[in-house]
Amino acid sequence: MVNAHTNAQATDADTPPPRGAGGVWSPSFLGLLLTQLLTATNDNIFRWLAIGIGKDYVTPSNVGNILMAGTACFVLPYLVLAAPAGYLADRYSKRSVIVGCKIAELVIMALGVIAIAMPASHAVNLVCLFAVVALMGAQSALFSPSKMGIIPELLPAEQISFANGLFGLMTVSATVIGMAGGSWLSRASGLYGKERWWISAVVLIGVAVAGYAASRLIRPLPAASPGRSFPWDAATQTWRDLRTLASNRALLRVALGVVFFWSVGALAQLNVDQFAAEGGALHETDKIPLLMALVLGVGTGSVLAGVWSGGHVELGILPLGACGVAVCSMLLFTVTGTVLEPGAGLSLGLAWVLVLLFLLGTSSGLFSVPLEAYMQHRSPPLQRGSVLAALNFLVFLGILLAALLFAALRHPTFPGSLDNIPELQAGAQQLSDAEQTALAALVADYEQAWRAVPVEEGERAAAAPVGGGARPDLRAYVDQASPAVRDVARAQLAWVDMKARQQRGEFFTKDEYLRQAAGVAQQQVMSDVYYQASNLPLFTARQIFLLAGLFTIPVCLYIVFLIPQASVRFLVWLASRTIYRIRVSGQAHLPADGGALLVANHVSWLDGILLLLTSSRPVRILALVNGLRDRRVRRLARLAGVMLVSPGAAEIREAIEAARQALQRGELVGVFPEGRMTRSGLLQSFRPGLLRALAGTGVPVIPVYLDELWGSIFSYHSGRRVRRWPGDRKSVV
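An account of the accompanying structure is given in this report.

Criteria and cut-off values
Residues numbered from 1 in each chain as written. Predicted model: local features only at pLDDT ≥ 70, side-chain atom pairs only at ≥ 80, totals over all residues. Heavy atoms only, no water. Helix = DSSP H or I, 4+ residues; strand = E, 2+ residues; numbered from the N terminus. Buried < 20%, exposed > 50% of the residue type's maximum accessible area, 1.4 Å probe, protein only. Contact = heavy atoms within 4.5 Å. Areas by Shrake-Rupley, 256 points an atom, 1.4 Å probe, with all protein chains shown as cover. Salt bridge = Lys/Arg side-chain N within 4 Å of Asp/Glu carboxyl O. Expected span 1.5 Å × (residues − 1). Pairing = 2+ DSSP bridges. Phe/Tyr/Trp six-rings, centres within 6.5 Å; stacked < 30°, edge-to-face > 60°. Lys NZ or Arg CZ within 6 Å of the ring centre and 35° of its normal. Patch = residues over 30% accessible without salt bridge, like charges linked within 9 Å, V, L, I, M, F, W, Y side chains within 5 Å. Core = buried A, V, L, I, M, F, W, Y, C linked by side-chain atoms within 4.5 Å. Axes fitted to C-alpha atoms, helices over the stretch in contact; angles between N-to-C directions. Parallel < 35°, antiparallel > 145°, perpendicular 65-115°, else oblique. Nonpolar A, V, L, I, M, F, W, Y, C, P; charged D, E, K, R; others polar.

### Describing the overall build of the protein chain
Argument step 1. Summing up its helical and strand segments, the protein chain has 26 helices and 11 strands in all.
Argument step 2. A burial count over the protein chain gives 55% of its 733 residues as buried.
Argument step 3. At a minimum sequence separation of 6, the contacts of the protein chain that also span at least 24 residues come to 81%.
Argument step 4. Only carbon and sulfur atoms are counted for the fraction: they give 62% of the accessible area of the protein chain, which is about 30,900 Å².

### A closer look at the pattern of salt bridges
Argument step 1. A complete count under the given rule lists 11 salt bridges for this structure.
Argument step 2. For D90, the salt bridge is made with R228, and the minimal N-O distance between the two is 2.7 Å. Placement of the pair is D90 in helix 3 (residues 82–91) and R228 in the loop between helix 8 (197–215) and helix 9 (234–246), with a sequence separation of 138 residues.
Argument step 3. Under the relative-accessibility criterion, D90 is labelled buried at 2%.
Argument step 4. Assessed through its relative accessible area of 15%, R228 is described here as buried.
Argument step 5. A salt bridge links R620 to E667, with the shortest nitrogen-to-oxygen separation between them at 3.3 Å. Of this pair, R620 sits in strand 5 (residues 619–624) while E667 sits in the loop between helix 26 (649–664) and strand 7 (668–671), and the two are 47 residues apart along the sequence.
Argument step 6. You can call E667 partly exposed: its relative accessible area is 23%.
Argument step 7. Taken together, the salt bridges that share partners define one network made up of R620, R665 and E667.

### Describing the side chain of T71
Argument step 1. Locating T71 in the fold gives a position in helix 2 (residues 63–80).
Argument step 2. Overall, T71 belongs to the buried group, its relative accessible area being 5%.
Argument step 3. With near-sequence residues (within four places) excluded, T71 lies in contact with R47, L270, I399 and A403.

### A closer look at helix 19 (residues 486–503)
Argument step 1. For helix 19, spanning 18 residues, the distance from its first C-alpha to its last is 26 Å, which sits close to the expected 26 Å at 1.5 Å a residue.
Argument step 2. Along helix 19, the residues that are buried comprise V488, A489, R490, A491, L493, A494, W495, V496, D497, M498, A500 and R501.
Argument step 3. For helix 19, the elements touching its buried residues are helix 15 (422–429), helix 16 (433–451), helix 18 (474–480), helix 20 (510–514) and helix 21 (520–533).

### Observations regarding the pairing of strand 7
Argument step 1. Neither face of strand 7 is left uncovered, since the one carrying L668 and G670 and the one carrying V669 and V671 both have all their residues buried.
Argument step 2. The pairing of strand 4 (residues 596–600) with strand 7 spans four bridges and is parallel. Across the sheet, residue A596 finds its bridge partner in strand 7, namely L668.

### Things to note about the packing of aromatic side chains
Argument step 1. With the rule as written, the count across this model stands at nine aromatic pairs.
Argument step 2. Seen in terms of ring centroids, Y87 and Y92 are 6.2 Å apart; in terms of plane orientation they differ by 85 degrees. Their pairing is edge-to-face.
Argument step 3. By relative accessible area, Y92 is classed as partly exposed at 36%.
Argument step 4. Taking 5.2 Å as the distance between ring centres and 85 degrees as the angle between the ring planes, the aromatic pair formed by Y530 and Y531 counts as edge-to-face.
Argument step 5. Under the relative-accessibility criterion, Y530 is labelled buried at 8%.
Argument step 6. Among the aromatic residues, ring-to-ring pairing joins Y87, Y92, F230 and W232 into one connected group.
Argument step 7. Positioned above the aromatic ring of Y92, the side-chain terminus of R91 is 4.7 Å from the ring centre.
Argument step 8. One cation-aromatic arrangement involves R542 over F333; the distance from NZ or CZ to the ring centre is 4.8 Å.

### Observations regarding a nonpolar patch on the surface
Argument step 1. Together, L296, V327, L331, W352, V355, F358 and L359 give the surface a local cluster of nonpolar side chains, amounting to about 570 Å² of exposed area.
Argument step 2. If you list the elements that add at least two residues to the nonpolar patch, you get helix 12 (318–332) and helix 13 (348–378).
Argument step 3. Top element by residues in the nonpolar patch is helix 13. It accounts for four residues.
Argument step 4. Position of V327 among the secondary structure elements: in helix 12.

### Examining the nonpolar core
Argument step 1. By size, the foremost hydrophobic cluster in this structure holds 128 residues, and its most contacted members are F29, L32, F46, L290 and F367.
Argument step 2. Not counting residues up to four positions away in its chain, the partners in contact with F46 are M109, G112, I116, L129, V132, V133, M136 and L204.
Argument step 3. The next biggest cluster of nonpolar side chains, apart from the first, holds 34 residues, and it includes V443, V453, V529 and Y530.

### Remarks on the environment of R475
Argument step 1. By the element assignment, R475 lies in helix 18.
Argument step 2. The sequence separation of R475 and Q516 amounts to 41 residues, and the corresponding C-alpha distance is 7.1 Å.
Argument step 3. Once residues lying within four places of it in the same chain are set aside, the contact partners of R475 are R515 and Q516.

### Section: the packing of helix 3 against helix 9
Argument step 1. Running from N to C, helix 3 and helix 9 cross one another at 70 degrees; their axes reach a closest spacing of 8 Å. Relative to helix 9, helix 3 is oriented roughly perpendicular. Together, A82, A83 and P84 of helix 3 and A234, Q237, T238 and D241 of helix 9 make up the contact between the two elements.
Argument step 2. Tallied by class, residues from the contact of helix 3 with helix 9 come to four nonpolar, two polar and one charged.

Right, dumping it as C-alpha cells:
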C-alpha cells in the first residue's frame, strides 16, 4: 500500500490544459466516441463506394490498382498535412478543430455526390471521384491529432487505456460498417453509381449531419499552446516533429510498433476484399461476414486490452497480441477451396475462416491499444499535438507503402486458364464424344464471329452492351447448345467473349456475366471464369496473408529478445491473472515522470516481479545476486534491467552508484532494504547502505507494502518454503 506523497512541482511556464472530472461515460466523451464512429464510417463508406464504382471503370486485371488508388488518395493528405494538423491541435481548442472538420465533411460529401452523378467521360468521373477521396483524407488528417489529443484532456490518466479500447472499438466498427455500406451502395446505386445516385447522397450527407451534431456534445476546452505560430515551412515542421518524436527513444519504439500495426492492418483490409473474391464471393456484399468476424475480434481485443490494463498503460500484453497476429495470418494461408458458397449457409470452411479472422482481430486489438495509450499518456503535454502529428505521418506513410505493396503483389502476372476451374473440367468430362464435338464447333463459330467484328476503342466500345451492336450475341449462342452441353458452353463462350473484349480495351463487370448464368452453381463457375480471364496475380490473397504473418515474426522476436522489459511484463501480467490476483492501491501517488525510489518489504520470491506491476513505467530492481542462483534467471534479470548486487564492498558501492545514476536519469528504482526474504512474515530491520542511492538525487521515496503473500507457494513459512498453490489469494500492493 503506497502511503507517501511526492512534492514534485511543475516548473513549465505554460501549464497544459487541465484534465476534466468527467469519465468515459460523460456526455462529452460519449460525444467524442460517436463523432469518431460517424466520421470513420463516412470516410470508409465513400472510399469503398469510390472503389466499387472504380471497378466498373477498369478492366478486371486492374482491380488491384483501384484498391491501391483508393487507399493512396485517402492517406496522402496525412503526409502533406501532418504539420498543419499538429499546429491546429496545439494552437486552437481541439474541440473547435473537431467541429470545424465536421462542417468541412458536409461540403466534401456534397462534392462527392456531384462527382458520382455528373455526366462526363469515364476518365473525368474516375479522377473527380478519387479527388474527393483525397479531400476526405485531408479532412481526416486535420481531424486526427485533435481527436487523439483530446482524450487525455477529457479523462483522468487511469481511464486512458480503457478509453483507447473503446476508441479502437469505434474505429474498427466504423471501418467494417463503412466497408460494408460502401460495397452495398456501389451495388444499390447501379452501374457507375449513376442509376440511383440519390441513395448515395442520402447516406453520405445524412451521416455527415449526424456526425456534426455529435461533435457539438464535446465540452469546450482551452488551447494547449495558443502562442504557437503557423508552420509555413510544413516540410521542415514535419521534420522537426519527427525529431521531437525521435528524441524520446521509448516513444519512438512505440511509434514504430503503431506504424507496423496499421501497415499490416491496411494490407489485411485490402486483402480481405480479394480473399472473399477468390473464396467464392459473387457480389461485394458477400464479404460482410468476414468483415464482421474481423471487427468483432478487434473490438473484443480492444476492450480486453483496456480492461486487462488495470487502470494504467500495460505494454506486457504486446507479445500476446503480436504472436496472435503472426499465427492467425499464417493459418489463413492454409484455407483452401471455396469458402463462401451463396445459399449454402455456414460451412465448416467458412466457420474456420471466421474463427481465424476473429482471433486475428482480437490479437490486433491487444497489440495496438497499449501502444496508442502509451503514446498519449507519455507524450509531453505541451508537445502532444506535434508528437501525435509525427506519429500520424509515420502511420500513413506505412499505410501508403502497404497499399503500393499490395498493388505490386496483386499485379497480373500469370495467364489464367479454364483448366484451373475444377467444376468446369468435371462437367466437360461428363460429355459424350458427340457432345464435345458439337461444343467445340459452337465455340469455334463464336470465335470466328468475334474476329469479324472490327477492333473498337474508346467510349463507344465500352458503352456497347454484351451482345449489342454488330458483335455476336452471347446469349443467342448459348441457346443454340443442347441442354446437356449448355452449362459448359456458357462458360467457354463467356471466356471467348471476355478475351475478345479485353483485346478491344473495353470495360466490363462481373455482374454482366452473372446475369447470363442460371442458378448459384453456374454463377459461381461464371465468377471463376471472370477471374481466370483477368489474368492471375503475382500472389494470391492466401499467400498475402502468409506474408503478413511472416512479416510479424521479426516483430515478435524484437519484442521478446530486444525489448525484454515487455516480455517480462507479459510474464508478470500472466502471473497476475493466474497465480495471484493483484490489486494495486494508492497508485496515484507514483510520479508520472521523473525518478523515484520504491522501498518494498520482501515476502516472496515474486516480490521483484510484482513490484513491476505498481507502475506502467519500467522499474529497475536492485537485487542481490545470491538470490538468483540459476544462470538463466540471472541473464533474464539483466535483460529486464535488474541491477544485480554481488557480494563485496566494492561491488555493493558500484551497484548503489548505478542505482543513483538511474534515479538521476528519471527512472524508477525498486529496492528491498531488508536484504533478504522474511522467514517470519514480519518486517525485518533494514540493512545499512541501500538507501545511499538517494544521495544528491532529490527524488521522492515511495514506500510499497506487499500484503497477503505470506503462506503462498513462493514464500517461507516456519522457516521453509510452503509447497501449496496459492489459489485465489489476493496480493495488495
